[in-house]
Amino acid sequence: MRAGLGHLTVCAHCDGLLAPLAAGAPVKPLMLRAFSKDGALTALALALPAWVAIMHTPLAALLYAAALAGYYLATIDHVARGQAGLPEPPGSALDVASMVGKALRGLVVVAVGGLPFVLWSVLGGSDAGSPVGGLGPTLALHVIGFLWLPAAVLSLVLTGSALAAVSPLTWAAVIRRAPGAYGRFCGLFFISTLGAVMITAGAGFFLAPIPYLGPLLVVALANLLFTSQAALFGGFLTREALVHRAA
């Protein structure tokens, strides 16, 4: 909004003034934040449902996805607001309710953002005779996914509403608000996701054969990497002045 001879930045959601931001935290410390004692213990705890799903029942996979998605969003919010370290475990019933809410909203993002990849798989994936088996359709769906998912994540983080994560109108508003920042966010999302997948796949080659504990260690490593990505995203949102910092 205009103020005298200058302008003030107003939050698009609460109409409050955004305070001036200090320089964002360096990227390297943000990426290493998850690689701590607390981060490792949390990654192992989050991996347990996935390990149960692999060893016993696929139903536990839903619990794992919800827990990881909730912690992922909590980490973005925690870092973006200038808090040190990683989010602490719930200490009260109110904290538990808040984490459950984040988990459910996270599942919405996973469902919506991953829809192009699910569609690609359902329609035949890389099969030459499938509607998406050709190089063109395959690349198109994957590009859409990597543009779509960041929009859903940003919409949810900036509004706190699960409805925003499924609303193309909200995605468009978020992108229109800062198109340059969104483009950089998509690039960061793509590079960090590719790096996490490659590292996990490489580590899985050595860890997965370990009886019983191998899958647990692989999933825990993936959790560490994606928590690191969430911290990186939180720092990015702060540097781009897209969120309030904590006073």
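Shown above is the structure to which this text applies.
Here the structure is a predicted model, which means the values were calculated and not measured.

As a further point, take the overall build of the chain. Across its full length, the chain carries 10 helices and two strands. Put simply, the chain has 247 residues, and 38% of those count as buried. Long-range pairs, those at least 24 residues apart, make up 68% of the contacts in the chain with a sequence separation of at least 6. Entry remark: accessible area of the chain is about 13300 Å², with carbon and sulfur atoms responsible for 74%.

Glancing now at the layout of surface pockets. Here the largest pocket is characterised by a volume of approximately 560 Å³. Every residue lining the largest pocket is counted, 19 residues in all, and those nearest its centre are Leu68, Tyr72, Val110, Leu149 and Phe226. For the lining of the largest pocket, the element with the most residues is helix 3 (residues 60-80), which contributes six residues.

Turning our eyes to something else, we now look at the pattern of salt bridges. Tallied over the full model, the rule gives one salt bridge. Residue arginine 81 is joined to aspartate 77 by a salt bridge in which the shortest nitrogen-to-oxygen separation is 2.8 Å. Since its relative accessible area comes to 27%, aspartate 77 is described here as partly exposed.

Turning our attention to the environment of phenylalanine 206. Relative to the helices and strands, phenylalanine 206 resides in helix 9 (residues 179-207). C-alpha of phenylalanine 206 to C-alpha of valine 218: the two residues are 12 residues apart in sequence and 9.3 Å apart in space.

Relative to the elements of secondary structure, threonine 238 occurs in helix 10 (residues 213-239). When its relative accessible area of 2% is taken as the criterion, threonine 238 is described as buried.

Judged by nonpolar contacts, the single largest core of 25 residues is most densely connected at Ile76, Val109, Val153 and Leu237. When contributions to this core are tallied by element, the ones reaching two or more residues are helix 3, helix 4 (93-113), helix 6 (135-159), helix 8 (168-177), helix 9 and helix 10. Among the elements that make up this core, the one with the highest residue count is helix 6 (eight residues). Residues Ala47, Tyr64, Tyr71 and Leu86 belong to the second largest nonpolar core, which totals nine residues.

Before going further, it helps to examine the packing of helix 9 against helix 10. Put simply, helix 9 and helix 10 touch, their axes get as near as 10 Å, and they point 165° apart. Our classification of the angle between helix 9 and helix 10 gives roughly antiparallel. Helix 9 and helix 10 meet at a crossing whose hand is right-handed. Its residues placed into classes, the contact of helix 9 with helix 10 shows 17 nonpolar, six polar and one charged.

Rules used in this analysis
Residues numbered from 1 in each chain as written. Predicted model: local features only at pLDDT ≥ 70, side-chain atom pairs only at ≥ 80, totals over all residues. Heavy atoms only, no water. Helix = DSSP H or I, 4+ residues; strand = E, 2+ residues; numbered from the N terminus. Buried < 20%, exposed > 50% of the residue type's maximum accessible area, 1.4 Å probe, protein only. Contact = heavy atoms within 4.5 Å. Areas by Shrake-Rupley, 256 points an atom, 1.4 Å probe, with all protein chains shown as cover. 1 Å grid on protein atoms, 1.4 Å probe; cavity = no way out; pocket = protein on both sides within 12 Å on 5 of 7 lines; lining within 4 Å. Points joined across faces, edges and corners; volume = space filled by probe spheres on them. Salt bridge = Lys/Arg side-chain N within 4 Å of Asp/Glu carboxyl O. Core = buried A, V, L, I, M, F, W, Y, C linked by side-chain atoms within 4.5 Å. Axes fitted to C-alpha atoms, helices over the stretch in contact; angles between N-to-C directions. Parallel < 35°, antiparallel > 145°, perpendicular 65-115°, else oblique. Left-handed = near helix turned anticlockwise from the far one by under 90°. Nonpolar A, V, L, I, M, F, W, Y, C, P; charged D, E, K, R; others polar.

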